[in-house]
Amino acid sequence: MNSAAILREARHEAGLTQEQLARRLGVSQAAIAQLEGTRANPTLATLERAVRAAGQRLELRLVRDESEVDLSLLREALRMPPAERIAAAERLLHDADAIAAAASRKSTRTASSGG
């Protein structure tokens, strides 16, 4: 959920119009419309102040992002015999080393050519 959606939800739950929220904050209705716009990128302090004016409290928390783990790849690897898994890991390491070396060479060439 982005900042615009958070503010809109807080305002709707409070039963406030943009104009009413604007009066509570001492800003114009246009300023609220801008905060609720798709291009809005307010600071955390601004968002928190606006949400509080709508009678809500902004709560932030960190949660582990488990979505980066592809369980199907893990299951596939676990079906391999251990020696095959080790060989596959060694190939991946070799490929990663080759990519890092190529990037390093490119970085060195770019730096030495001045651009």
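Our structure is the block above this text.
This write-up is about the structure you can find in this document. The structure displayed is predicted, hence computed values, not measured ones.

**A look at helix α1 (residues 3-13)**
Stage number 1. Taken residue by residue, α1 has Ser3, Ala4, Leu7, Ala10 and Arg11 as its buried positions. Buried residues in α1, looked at end-on, bunch into an arc of 135°, giving them a common side. For α1, the exposed residues set more than 90 degrees away from the buried face come down to His12 and Glu13.
Stage number 2. For α1, the secondary structure elements touched by its buried residues are α2 (18-25), α3 (29-35) and α4 (44-53).
Stage number 3. The N-cap residue of α1 is Asn2: its side-chain oxygen and the backbone nitrogen of Ala4 are 3.2 Å apart.
Stage number 4. Taken from the residues just after α1, Gly15 is the one with a positive phi, measuring 70°.

**Notes on α4**
Stage number 1. When α4 is considered as a whole, its buried residues turn out to be Leu47, Ala50, Val51 and Ala53. Along the axis of α4, the buried residues cluster in a sector spanning 160°; they form a single face.
Stage number 2. The inward-facing, buried residues of α4 contact α1 and α2.
Stage number 3. Positive backbone phi, approximately 80°, marks Gly55, located one or two places after α4.

**Quick notes on the nonpolar core**
Stage number 1. Counting residues in each nonpolar core, the largest one holds 14 residues, and the members touching the most others are Leu7, Leu21, Leu25, Ile32, Leu47, Val51 and Ala54.
Stage number 2. Among the elements of the structure, α1, α2, α3 and α4 are those that each provide at least two residues to this core.
Stage number 3. Looking at which element gives the most residues to this core, the answer is α4, with 4 residues.
Stage number 4. When sequence neighbours within four positions are dropped, the list of residues in contact with Val51 reads Ile6, Leu7, Ala10, Gln56, Arg57 and Leu58.

The rules we used
- Residues numbered from 1 in each chain as written.
- Predicted model: local features only at pLDDT ≥ 70, side-chain atom pairs only at ≥ 80, totals over all residues.
- Heavy atoms only, no water.
- Buried < 20%, exposed > 50% of the residue type's maximum accessible area, 1.4 Å probe, protein only.
- Helix = DSSP H or I, 4+ residues; strand = E, 2+ residues; numbered from the N terminus.
- Arc of directions from axis to C-beta.
- Contact = heavy atoms within 4.5 Å.
- Polar contact = N/O pair within 3.5 Å; in protein donor to acceptor, adjacent residues only side chain to side chain.
- Core = buried A, V, L, I, M, F, W, Y, C linked by side-chain atoms within 4.5 Å.

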